[in-house]
Amino acid sequence: MLRLARSASMNCYLYEPNAGEGWEARASLIQQSLPFSDPCTLRLIYKNSITLNKDPALQQQGKVQLERLIRNFQLLDDMLERASQGDQAAVQQVPKILDDAIETNAGFEATILACLGL
């Protein structure tokens, strides 16, 4: 599940790779640490869709949703990592954090669709 959460986060935050991580994940982590480009797919989606809509309130809403979604993925990653190491408190928190991430993702998607006029 940790691998799936990291994949869903679309390269938007750094994490310590596990021994089982493939070369793609390691290459992405290296790219993230360089100042040349932003590999975060969610930020790229936000930047590209926001250019199609000049409503400042919608742009701000998208920015807030994006930051919240990335934070939720980071928190989910942390809890899954701790749960995989046997932390029972983390195991109990994972369902709620996963639900929060899903809800935030839906809000981000709705904002992007609004920016695109869909």
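This text follows the structure it describes.
Since the model is a prediction, treat every value here as computed from it, not as a measurement. (Residues numbered from 1 in each chain as written. Predicted model: local features only at pLDDT ≥ 70, side-chain atom pairs only at ≥ 80, totals over all residues. Heavy atoms only, no water.)

Caption draft 1: Structural context of helix H5 (residues 88-115). For H5, with 28 residues, the first-to-last C-alpha span of 41 Å sits near the 40 Å given by 1.5 Å per residue. The principal kink in H5, of about 35°, is found at Val94, preceding the proline Pro95 by one to four residues. Its buried side turned inward, H5 meets helix H3 (41-50) and helix H4 (56-84). One or two steps after H5, the chain reaches Gly117, where phi turns positive at roughly 75°. (Helix = DSSP H or I, 4+ residues; strand = E, 2+ residues; numbered from the N terminus. Expected span 1.5 Å × (residues − 1). Bend = angle between axes of the 7 residues up to and from the residue. Contact = heavy atoms within 4.5 Å.)

Caption draft 2: Fine view of the nonpolar core. Grouped together as the largest cluster of nonpolar side chains are 13 residues, with contacts concentrated most on Leu42, Tyr46, Leu66 and Phe108. Among the secondary structure elements, those contributing two or more residues to this core are H3, H4 and H5. A per-element tally of this core places H4 first, with five residues. One finds Met79, Ala83, Val94 and Ile97 within the second-largest nonpolar core, a separate group that totals nine residues. (Core = buried A, V, L, I, M, F, W, Y, C linked by side-chain atoms within 4.5 Å. Buried < 20%, exposed > 50% of the residue type's maximum accessible area, 1.4 Å probe, protein only.)

Caption draft 3: Up close: the packing of H3 against H4. One way to put it is that H3 packs onto H4 with a least axis distance of 11 Å and a crossing angle of 175°. Comparing their axes, H4 and H3 come out roughly antiparallel. Along its contact with H3, which presents Leu42, Arg43, Tyr46 and Ile50, the element H4 presents Leu58, Gln59, Gly62, Lys63, Leu66, Leu69, Ile70 and Phe73. Residue classes in the contact of H3 with H4 are distributed as eight nonpolar, two polar and two charged. (Axes fitted to C-alpha atoms, helices over the stretch in contact; angles between N-to-C directions. Parallel < 35°, antiparallel > 145°, perpendicular 65-115°, else oblique. Nonpolar A, V, L, I, M, F, W, Y, C, P; charged D, E, K, R; others polar.)

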